[in-house]
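Here are the chains, one letter per residue:
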Amino acid sequence: MGQPVREYLLTLCVTVAVTYLLTGPVRKFAIAAGAMPEIRARDVHREPTPRLGGIAMFGGLCAGLLVADHLRNLNGVFELSNEPRALLSGAALIWLVGVLDDKFELDALIKLGAQMISAGVMVIQGLTILWIPVPGIGTVSLTQWQGNLLTVALVVITINAVNFVDGLDGLAAGMVCIAAAAFFLYSYRLWFGYGIEQAAPATLFAAILMGMCLGFLPHNMHPARIFMGDSGSMLIGLVLAASAISITGQVDPDAMALFAGGERNATRAMLPVFIPLLLPLTIIAIPMADLILAIVRRTWKGQSPFAADRGHLHHRLLELGHSHSRAVLIMYFWSGLIAFGAVAYSVHSGSMWIVLAIAALSALGLSLLLLPRFTPRAPRWAEGLVPPRYRHAGRLAEAAAEAAAWDATGREPEPVRPIAAGVSGVNGATAVGPRSRFPDRRKADSTR
């Protein structure tokens, strides 16, 4: 089992390296090509930032598949299955449409049609759902049309869920990376733990998807130097959906009864496999919840479901008072808790400790959500170790500094001018207009 792990690690590292090294040149190309849209009212960033980061991510996808095709253990995935070719075909099409959208702002219906066509391309080449395992009934075989429609629906929903959550620096790439890591652990266990070769393509897809996200994240963390754009968000959404379809719709759950000591034990030990598409939906639960809430909210207001607004989950975190980085980390936390909690429960569904751990971590997550509602004060003996805003004497020190400035200049110090919304002036950006003598060190309000 050690040799396949080393080959997966090599594939992961090559994908990370290629994606990371390509992102810099792609950024320069995006600037030269003018793929830097104007700042919109719902945007968080304060200066135009180039998009087209999906070009580098697609390069990482191609490099990962090419390396895996030349490795001894992973080469069997390409010889025994047509799924890698199906993935590459669908990914190339959706990536091309995303690149055009990043440059020319395509209509939402055109992108929706492209997503359905990309899913259809994968279906034609064999990447489709063949059956659905139902608890108490067994494996339910689907007709060709039923499987195709379900596959297309899952691909479109996953792509749009990832696209909707791509609103903060590093948010979409990090959440998809967490989902891919959970998928990898789950599918690797099926392949090498149970000897089910049908799980091999999904394991490879998950490893490559992790590499794509990890290679892009250093350029995309706050403050982002480049955005993945629709060319990247739709691409990683399609790869994530392909992994879900491969592991859920083509692995026969009845085969695991041979290794788990009977049908009842197999059902209990591998619970997510027997609940149709449960694990994929739990892994993208946060983006999926954001998607559903956005559709309901916009439809209720009489707007198009694809109309942009400021009501996404990450917008609400910012409105609660969380900083940009803290909002991203909170989303990471909940994504990891749901994804890895589902994987852990699928391995030991009878363990009460897993349920208790998930409940305790959920309580911790709720506490983090409510953190801006109160301002903690450090004990007096620890005031020297914390920022001034957490000290009891913080206001007195500020008043003393203001009095000292008055005595030194003989006149009242100039008031602090807050940074206007939409004007660059944070994180090394160039401000438009005159600067105040006493710049505001507080975080500027979000423009989203």
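Residues numbered from 1 in each chain as written. Predicted model: local features only at pLDDT ≥ 70, side-chain atom pairs only at ≥ 80, totals over all residues. Heavy atoms only, no water.

### Brief notes about the overall build of the protein chain
Item 1. The number of helices and strands found in the protein chain is 17 helices and two strands.
Item 2. Counting every position in the protein chain, which comprises 448 residues, the buried fraction comes to 47%.
Item 3. Taking as baseline every contact in the protein chain between residues at least 6 positions apart, the subset at least 24 positions apart corresponds to 74%.
Item 4. Entry remark: accessible area of the protein chain is about 21,800 Å², with carbon and sulfur atoms responsible for 65%. (Helix = DSSP H or I, 4+ residues; strand = E, 2+ residues; numbered from the N terminus. Buried < 20%, exposed > 50% of the residue type's maximum accessible area, 1.4 Å probe, protein only. Contact = heavy atoms within 4.5 Å. Areas by Shrake-Rupley, 256 points an atom, 1.4 Å probe, with all protein chains shown as cover.)

### Focus on the nonpolar core
Item 1. Counting residues in each nonpolar core, the largest one holds 93 residues, and the members touching the most others are Leu-61, Leu-204, Leu-209 and Ile-236.
Item 2. The greatest single-element share of this core, amounting to 18 residues, is contributed by helix 7 (residues 171-194). (Core = buried A, V, L, I, M, F, W, Y, C linked by side-chain atoms within 4.5 Å.)

### Looking at the environment of Gly-98
Item 1. Looking at where Gly-98 falls in the secondary structure, it is placed in helix 4 (residues 83-104).
Item 2. In sequence terms Gly-98 and Gly-232 are 134 residues apart; their C-alpha atoms lie 7.3 Å from each other.
Item 3. Beyond its immediate chain neighbours, meaning those up to four positions away, Gly-98 contacts Asp-230, Ser-231 and Met-234.

### Here's the deal with the pattern of salt bridges
When the charged atoms of two side chains lie near each other, side chains of opposite charge can form a pair.
Item 1. Per the counting criterion, the structure on display carries three salt bridges.
Item 2. Notably, a salt bridge pairs Lys-111 with Asp-230, separated by 2.9 Å at the nearest N-O pair. Note that Lys-111 is positioned in helix 5 (residues 108-124) and Asp-230 in helix 9 (residues 229-249), a separation of 119 residues in sequence.
Item 3. Using a relative accessible area of 14% as the deciding quantity, one classes Lys-111 as buried.
Item 4. Judged by relative accessible area, which is 10%, Asp-230 ranks as buried. (Salt bridge = Lys/Arg side-chain N within 4 Å of Asp/Glu carboxyl O.)

### Re the packing of aromatic side chains
Item 1. This model, assessed by the stated rule, comprises six aromatic pairs.
Item 2. With 6.1 Å between their ring centres and 80° between their planes, Tyr-8 and Trp-191 make a pair best called edge-to-face. One end of the pair, Tyr-8, is in helix 1 (residues 2-33); the other, Trp-191, is in helix 7, with 183 residues separating them in the sequence.
Item 3. A residue is classified by how much of its surface remains accessible, and Trp-191, at 12% relative accessible area, is buried.
Item 4. Ring pairing ties together the aromatic residues Tyr-8, Phe-184, Tyr-188 and Trp-191, which thus form one cluster. (Phe/Tyr/Trp six-rings, centres within 6.5 Å; stacked < 30°, edge-to-face > 60°.)

### Notes on the side chain of Ser-118
Item 1. Within the fold, Ser-118 resides in helix 5.
Item 2. Since its relative accessible area comes to 0%, Ser-118 is described here as buried.
Item 3. Beyond its immediate stretch of four places on either side in the chain, Ser-118 contacts Gly-90, Leu-93, Ile-94 and Leu-238.

### A look at the environment of Val-165
Item 1. Looking at the element boundaries, Val-165 is found in helix 6 (residues 144-165).
Item 2. For the pair Val-165 and Met-331, spaced 166 residues apart in the sequence, the C-alpha separation amounts to 9.9 Å.

### A few points about the environment of Thr-11
Item 1. In this structure, Thr-11 sits in helix 1.
Item 2. Classification of Thr-11 as buried rests on a relative accessible area of 0%.
Item 3. Each residue touching Thr-11, except ones within four places of it in the same chain, is listed here: Gly-64, Val-67, Ala-68, Leu-71, Leu-74, Leu-204 and Ile-208.

### Let's talk about the packing of helix 15 (residues 324-347) against helix 16 (residues 352-369)
Item 1. At a minimum axis separation of 11 Å, helix 15 and helix 16 run at an interaxial angle of 170°. The angle between helix 15 and helix 16 falls in the class roughly antiparallel. Contacts between helix 15 and helix 16 involve Ile-330, Phe-333, Trp-334, Leu-337, Gly-341, Ala-344 and Tyr-345 from the former and Ile-354, Val-355, Ile-358, Leu-361, Ser-362, Leu-364, Gly-365, Leu-366, Leu-368 and Leu-369 from the latter. (Axes fitted to C-alpha atoms, helices over the stretch in contact; angles between N-to-C directions. Parallel < 35°, antiparallel > 145°, perpendicular 65-115°, else oblique.)

### A look at the side chain of Asn-148
Item 1. Along the chain, Asn-148 falls in helix 6.
Item 2. Sequence-distant contacts of Asn-148, defined by excluding residues within four places in its chain, comprise Val-123 and Thr-128.

### Describing helix 7
Item 1. For helix 7, which comprises 24 residues, the first-to-last C-alpha distance of 34 Å matches the rise-based estimate of 34 Å (1.5 Å per residue) to within 8%.
Item 2. Of the residues one or two after helix 7, Gly-195 is the one with positive phi, at around 70°. (Expected span 1.5 Å × (residues − 1).)

### Overview of unusual backbone geometry
Item 1. Of note, the amide linkage connecting His-222 to Pro-223 takes the cis form, showing an omega dihedral of -5°.
Item 2. Position of Pro-223 relative to the elements: it lies in the loop between helix 8 (200-220) and helix 9.
Item 3. With a phi angle near 70°, Leu-52 is a residue other than glycine that sits in the positive phi range.
Item 4. Tracing the sequence through the fold places Leu-52 in the loop between helix 1 and helix 2 (54-69).
Item 5. Despite not being glycine, Glu-105 shows a phi value in the positive range, around 60°.
Item 6. Of the residues examined, Glu-105 reaches a relative accessible area of 47% and is grouped as partly exposed.

### A closer look at the packing of helix 7 against helix 8
Item 1. For the pair helix 7 and helix 8, the least separation of the axes is 8 Å and the interaxial angle reads 155°. By the angle class used here, helix 7 and helix 8 are roughly antiparallel. Considering only the axes of helix 7 and helix 8, their crossing is left-handed. Contacts between helix 7 and helix 8 involve Ala-173, Gly-174, Val-176, Cys-177, Ala-180, Ala-181, Phe-183, Phe-184, Ser-187, Tyr-188 and Trp-191 on the former and, on the latter, Ala-200, Ala-202, Thr-203, Ala-206, Ala-207, Leu-209, Met-210, Cys-213, Leu-214 and Leu-217.
Item 2. Grouping the constituent residues of the contact of helix 7 with helix 8 by class yields 18 nonpolar, three polar and no charged. (Left-handed = near helix turned anticlockwise from the far one by under 90°. Nonpolar A, V, L, I, M, F, W, Y, C, P; charged D, E, K, R; others polar.)

### Structural notes on a nonpolar patch on the surface
Item 1. Side chains of Tyr-345, Met-352, Trp-353, Val-355 and Leu-356 sit close together on the surface and give an oily, nonpolar patch of about 560 Å² of accessible area.
Item 2. Here the nonpolar patch gets four residues from one element, more than from any other, and that element is helix 16.
Item 3. Examined against the element boundaries, Met-352 turns out to sit in helix 16. (Patch = residues over 30% accessible without salt bridge, like charges linked within 9 Å, V, L, I, M, F, W, Y side chains within 5 Å.)

### Here's the deal with the confidence of the model for the protein chain
Item 1. Counting all residues, the mean pLDDT for the protein chain is 76, and 66% of those residues have values of 70 or more.
Item 2. By mean pLDDT, the top-scoring element of the protein chain is helix 2 (96), and the lowest-scoring one is helix 11 (residues 271-274) (48).
Item 3. Contacts of residues 415-448 to residues separated by more than four positions or lying in other chains number 53 contacts, the stretch itself having pLDDT below 50. (pLDDT = per-residue confidence, 0-100.)

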